[in-house]
Amino acid sequence: MAHSYQQFQPIEPFRDLIDAYWINRVDAVGSAPVDRVLPDGCIDLVFRGGSADGGRLFSSALIERPVFLDDAVPRWFAGVRFKPAMVRAFLDIDPIACRDRDIPAVEIEAGLAALEQRLQECASAEQALATLKRAVDARLMRRDRYRAPAPVREAIALLARNLEIHRVAHSLGMSERSLHRDLTRWSGLAPKSMARILRMQRTVAAIRAGRMPLATLALHMGYADQAHMTRELKELAGFTPAEIARPVRNLQDNARAAA
């Protein structure tokens, strides 16, 4: 199985809400192998097209372990990946309900059935993505009150900079318990889980860049040592640092379409 993955930036007003719009084509000629989806703290709205049933719209699972892709997947997917804690800007959903399971869009909100029908009429991934993008952008213009509060957004930014959880809470003037409650409510992940996932994502990117010895990188990223980094990457990504560093390996950590 091969995948061809492309992603596109959102327009300026939504860059704090949306990580990317994307297309993933399965069995694309000349594309590199992709075999798993890595945790990223995000929830996506995904249309799975090219199948006999006309296609399905769903919210992707919020995962804390790598998901290995199924060989029996349809031909293409189009989706929008919301940044951590930002999915409620579009979907009336409790992010905790997305833990480890995809949810059909019509179970989230009956009104999404009309969008699913329009997507089923699309003949290509590009057409589906354009349809999805129009619907998402139009709705986001009307839903400012659903954006995650500033302390939650700042907490995620601080965790992404590898700040310890108690220091994050202190810098925001709140207790660790309040931080845990608010971040879990909006993102579906507790601070510790969010911090581990964000650190893994940064580490994978740094290993690919290859600018630092692994032992030095481990300390720079806040791991106790290289062995600790290796264990964390194996658990969260399913790869060791050496496997990630191999140039022949195409590790597409945001190819959520086939999850």
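Residues numbered from 1 in each chain as written. Predicted model: local features only at pLDDT ≥ 70, side-chain atom pairs only at ≥ 80, totals over all residues. Heavy atoms only, no water.

A. Inspection of the overall build of the protein at higher detail. Along the backbone of the protein there are 10 helices and eight strands. Considering only intrachain contacts with a sequence separation of at least 6, the fraction spanning at least 24 residues in the protein is 71%. Summed over all atoms, the accessible surface of the protein reaches about 12,000 Å², with 51% contributed by carbon and sulfur. (Helix = DSSP H or I, 4+ residues; strand = E, 2+ residues; numbered from the N terminus. Contact = heavy atoms within 4.5 Å. Areas by Shrake-Rupley, 256 points an atom, 1.4 Å probe, with all protein chains shown as cover.)

B. Looking closely at the environment of leucine 129. Following the sequence through the fold, leucine 129 ends up in helix H3 (residues 125-140). Between the alpha carbons of leucine 129 and leucine 119 there is a distance of 8.6 Å; along the sequence they are 10 residues apart. Discounting residues that sit within four places of it in the chain, leucine 129 has contacts with Phe8, Tyr21, Trp22, Ile23, Ala78 and Gly79.

C. Spotlight on the pattern of salt bridges. Under the criterion given, the structure shown has 13 salt bridges. Between glutamate 235 and arginine 196 there is a salt bridge, with its nearest N and O atoms 3.2 Å apart. Of this pair, glutamate 235 sits in helix H9 (residues 226-236) while arginine 196 is found in helix H7 (residues 191-209), placing the two residues 39 residues apart along the sequence. Overall, glutamate 235 belongs to the partly exposed group, its relative accessible area being 32%. The class of arginine 196 is buried, set by a relative accessible area of 19%. The residue arginine 199 makes a salt bridge to glutamate 232 at a minimum N-O spacing of 4.0 Å. Highlighted residues: arginine 199 in helix H7 and glutamate 232 in helix H9, separated in sequence by 33 residues. (Salt bridge = Lys/Arg side-chain N within 4 Å of Asp/Glu carboxyl O. Buried < 20%, exposed > 50% of the residue type's maximum accessible area, 1.4 Å probe, protein only.)

D. Expanded view of the confidence of the model for the protein. In this model, the protein carries a mean pLDDT of 88, and residues with pLDDT of at least 70 account for 87%. Note on residues 248-252: pLDDT is under 50 here. Beyond four places in sequence and across chains, it has 16 contacts. (pLDDT = per-residue confidence, 0-100.)

E. Looking closely at the pairing of strand S5 (residues 56-59). The pairing of strand S4 (residues 43-49) with S5 spans four bridges and is classified as antiparallel. When the bridges of S5 are listed, arginine 48 appears paired with arginine 56. A loop of six residues connects S4 with S5, the two strands running antiparallel in sequence, and glycine 50 in this loop sits at a positive phi of about 75°. Relative to strand S8 (residues 103-104), S5 is paired through two bridges, and the arrangement is antiparallel. From the neighbouring strand, serine 59 faces S8, where its bridge partner is isoleucine 103. (Pairing = 2+ DSSP bridges.)

F. Representation of helix H6 (residues 176-187). The terminal C-alpha atoms of H6 lie 16 Å apart, and with 12 residues this matches the ideal 16 Å at 1.5 Å per residue to within 8%. Summarising the contacts, the buried residues of H6 are in contact with helix H4 (150-160), helix H5 (165-171) and H7. Residue glycine 188 follows H6 closely and has a positive phi angle near 85°. (Expected span 1.5 Å × (residues − 1).)

G. Inspection of the side chain of threonine 184 at higher detail. Relative to the helices and strands, threonine 184 is located in helix H6. Once residues within four sequence positions are removed from consideration, threonine 184 is found in contact with Ile96, Arg99, Leu189, Ala190 and Pro191.

H. Inspection of the packing of aromatic side chains at higher detail. Going through the model one piece at a time under the given rule, you end up with three aromatic pairs. Ring centres of phenylalanine 47 and tryptophan 76 lie 5.9 Å apart, and the angle between their planes is 50°; on these two criteria the pair is classed as tilted. With phenylalanine 47 in strand S4 and tryptophan 76 in strand S7 (residues 76-82), this pair connects stretches of sequence that are 29 residues apart. Taken as a pair, phenylalanine 47 and tryptophan 76 share a single burial class, namely buried. The ring of tryptophan 186 carries arginine 88 above its face, with NZ or CZ at 4.3 Å from the centroid. The aromatic ring of phenylalanine 90 is capped on one face by arginine 139, whose charged end is 5.1 Å from the ring centroid. (Phe/Tyr/Trp six-rings, centres within 6.5 Å; stacked < 30°, edge-to-face > 60°. Lys NZ or Arg CZ within 6 Å of the ring centre and 35° of its normal.)

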